[in-house]
Each structure stands twice: as C-alpha cells, then as structure tokens.
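# Structural features, examined
Here's the letter readout for the chains.
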Amino acid sequence: DKAPLSKSLLLVPSAISILLTLLFQHYQKFFAYNLQAIKEDFQIWRLACGRAICLDLKDTFCSSLLIYNFRIFERRYGSRKFSSFLLGAWMLSALFDLLLVEVAQYIFGITINSLPSGFLGPVFALFVPFYCSIPRVQVTQVLGHFSITNKTLVYILGLQLLTSGSYIWILALSGLISGICYNSSILKVHRILCVPSWVAKIFSWTLEPIFSSAEPTNEIRVGMGATVDIQRQQRMELLDRQIMMSQVAQMRRQRQQQGGMINWNRLFPPLRHRHNANYQDHRPSDQDTPPPTEVSEEQVARLMEMGFSRGDALEALRASNNDLNVATNFLLQH
C-alpha cells in the first residue's frame, strides 16, 4: 500500500538528475547512453548508467509523473512483482534498443550513435498493463464529442515524453514491445526475469523504512476505489453528488406528480434498491423475462478490483450488456 519502490524511483533518480544538471555537469558524460561507445569500445557499463538517470529535466519531470501514476501497480501486485516487471522490461528494452537501432540503419540508412538517457524503457512498458487492466471511466466531455477519462492525463504525459527527443521513439517502441512480452507471458519471461525473494527482503528492510509513509488514521475507507487516493477523491465527489441528487430528486417528484416525468427506475432500477417493494410490484412475469446475458469473468474481476462486490458487478454488466465503461459509471453513480 505504501509503494516504497515507486517512491524511490520517483525521488532518487530525480534528485541525481537535478544535481547533474545544476552542479555536476562535468559528470554527465558518464550517464550518456552512447551506443557507439558500447559497440566499439565495449563500455557495457553504459547500459546501466545510461538507462537509469535522465539528463534532460523535461524527461525527468514527465517520467516522474508517470511513475507516480503507475504506483497503483505496486499497490495492486506487491513490490516484488512490480520490481520484477521493471527489471524484466529494463533488460528486454535494452536488447530491443540495440536491435531497433540496427534495423533503422539497415532499412532507412539512419545512423544513431546515442539515445536519450533515463529510466524510459520500463516507463513506456508500464503503459501495457495500464491499458489492459485499468478500467476506463469517463469523467467529462469536451465540445460534446471528445471524452475525457481517468486515463487521459497519463496518455497526454506519455505523448509529451514521446515528443521530447528526436530518437526517443526507439525507447518507446522497445519499451512497449518488452511490456507486451512480459505482460503476455511470452516465452515465460516473467519466470526467468524476476527478482529473487532474498533480494526483495533486503530491499524491504532498507527501502521500506525510508520511503514508507504512515497511512492517515483520521479517514474511514469507503469501499469504492482501488486505492486510498481514489477513495478520497470519490468521497469528495460523493458529497457534491448527494447535494445535486437531492435537488434532482425533488424536481423529479414534482414532475411525476404532474404526470410529465418517466419513471426511469422501472426501466433500469438502481442496484442498491433492486429488491424494494415498488420494483417487485412492477416486475415482469417469468415468461416475459429475457434470458440472462453471459458475463465475462475478466470484467467482473476488474470491477471487483475497484472495490465493488461480485453481485453488484454481475448485475451492472448484465444490465449494460457487458459494457465495462457503462457498468463502471453506473456503479459509481448508484
């Protein structure tokens, strides 16, 4: 829950990058991702130094924000599994970097002697599980056509990082390929490139006391979001929604008394009130009831990861015809 690895990746490389830029500029040459020196002079150590610290502050800022958003995976899977993913993506992306550079030179005749430095390959690799496992929840719309979701800001940061350098697209492509290989368990990469348990214990003894922070005790959790931050945000939104819904309910009652308002609860009853008396009185007969819709267990698992119960997830997916976005919005609003 405290995500010590994400905090260490957020603070330590950023601090070193700022120090190298402002105070120790003459040491930046040791952290340059120089492919020519690696291939011709066999400076293999540059694969570690050049792919750890960003020398451009814009890249440092964007990658730090992305790591902060991707800390949800450490809270979800645990620090050891999260670090294993980063290690595997880091090693695979280093291999794909060299292959893509050779392919670009062979096909397009482009000679690339150096690439942008930093922990960029694993950051781009994290977009793969982010796209596959984080539900897309619509927040608002711009100009009535463009949807703004809870994932839009992360994609914008990734696009900003992608356009920050001339050859950073090679790092992005190698990171995405390595993320797909690790996330889809191709060739059992997750079993080969993993952090041993004894290494995880050593870092838990050293990093966790330094980068862990106490969880607030004056707040009571609500079973909504997958993380504490999401729960706090939803708690504030819930207070505003309750005020708004009370006003809307009053207007509905007035219109229903005038006969000009459709009773939407009879068409799509809320999950929290699906067993009340009014709904039971208007329930159709068994002969008119359509067969239940087949529900994907993967989508049920995603909704349960967000904090909803299995029964509510099943009902929402059946009512929305297995549309995960509609079901998520419905559960958040009822």
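Residues numbered from 1 in each chain as written. Predicted model: local features only at pLDDT ≥ 70, side-chain atom pairs only at ≥ 80, totals over all residues. Heavy atoms only, no water.

## As for the packing of aromatic side chains
Heads up, the condition is: Aromatic rings from Phe, Tyr and Trp, with only the six-membered ring used for Trp, were paired whenever their centres fell within 6.5 Å, and each pair was classed as stacked if the ring planes differed by under 30 degrees, edge-to-face if by over 60, and tilted otherwise. Secondary structure elements are taken from DSSP: a helix is a run of H or I of four residues or more, a strand is a run of E of two residues or more, and numbering for both begins at the N terminus. Only protein chains enter the accessibility calculation, which uses a 1.4 Å probe; a residue whose area is less than 20% of its type maximum is buried, one above 50% is exposed, and one in between is partly exposed. Only when the NZ of Lys or the CZ of Arg is both within 6 Å of the ring centre and within 35 degrees of the ring normal is a charge said to sit over the ring.
As enumerated under the stated definition, the model contains 10 aromatic pairs in all. With a centroid separation of 5.3 Å and 85° between ring planes, the pair formed by F85 and Y182 is classed as edge-to-face. Pair noted here: F85 is in helix α6 (residues 79-107) and Y182 is in helix α10 (residues 168-183), with a separation of 97 residues, a long-range link. Comparing F85 with Y182, the two get one shared label, buried. Among the aromatic side chains, those forming a connected cluster through ring pairs are F70, F73, Y77, F124, F127, F130 and Y155. We note R71 situated over the ring of Y68; from NZ or CZ to the ring centre the distance is 3.9 Å.

## Points about a nonpolar patch on the surface
Condition: In this analysis, a patch consists of residues with relative accessible area above 30% that form no salt bridge, clustered at 9 Å for like charges and at 5 Å for the nonpolar side chains Val, Leu, Ile, Met, Phe, Trp and Tyr. Here, Shrake-Rupley sampling with a 1.4 Å probe gives the accessible areas, and only protein chains in the shown set may cover a residue. Salt bridge, as used here: a side-chain nitrogen of Lys or Arg that lies within 4 Å of a carboxyl oxygen of Asp or Glu.
A contiguous nonpolar surface patch, about 870 Å² in accessible area, is contributed by I18, L19, L22, L23, F24, Y27, F30, W45 and L57. Sort the elements by how many residues they give to the nonpolar patch and helix α1 (residues 4-22) lands first, with three residues. By the element assignment, L23 lies in the loop between α1 and β1 (33-34).

## Focus: the UniProt feature "transmembrane region" (unreviewed entry) in the protein
Convention followed: UniProt positions are given in the numbering used here, feature names are shortened, and annotations may be inferred rather than shown by experiment.
UniProt records the feature "transmembrane region" (unreviewed entry) at residues 6-24, 85-108, 114-132 and 153-177, using the numbering of this structure. Structurally, residues 114-132 is divided into 63% helix and 11% strand, and its ends, taken at the C-alpha atoms, are 32 Å apart.

## Focus: the pattern of salt bridges
Using the criterion set out here, one finds four salt bridges in the structure. Linking E102 and K39 is a salt bridge whose minimum nitrogen-to-oxygen distance equals 3.2 Å. Residue E102 is located in helix α6, and its partner K39 is located in helix α2 (residues 35-40); the two are separated by 63 residues in the primary sequence. What makes E102 partly exposed here is its relative accessible area of 38%. For K39, a relative accessible area of 38% gives the class partly exposed.

## Here's the deal with α1
One turn of the α-helix equals 3.6 residues, which is why residues spaced by three or four share an orientation. Our working rule: A helix is expected to reach a length of 1.5 Å times the quantity of its residues less one. Only heavy atoms enter the contact rule, under which two residues are in contact if any of them lie within 4.5 Å.
Counted at 1.5 Å a residue, the expected span for α1 with its 19 residues is 27 Å, and the 27 Å between its end C-alpha atoms agrees. Of all the positions in α1, only P4, L5, S6, S8, L9, P13, S14, S17, L20 and T21 are classed as buried. Tucked into the core, α1 has its buried residues touching α4 (57-69), α5 (71-77), α6 and α12 (197-211).

## Comments concerning the environment of A48
Inspection of the secondary structure assignment puts A48 in helix α3 (residues 46-49). C-alpha separation for the pair A48 and F119, spaced 71 residues apart in sequence, amounts to 9.7 Å.

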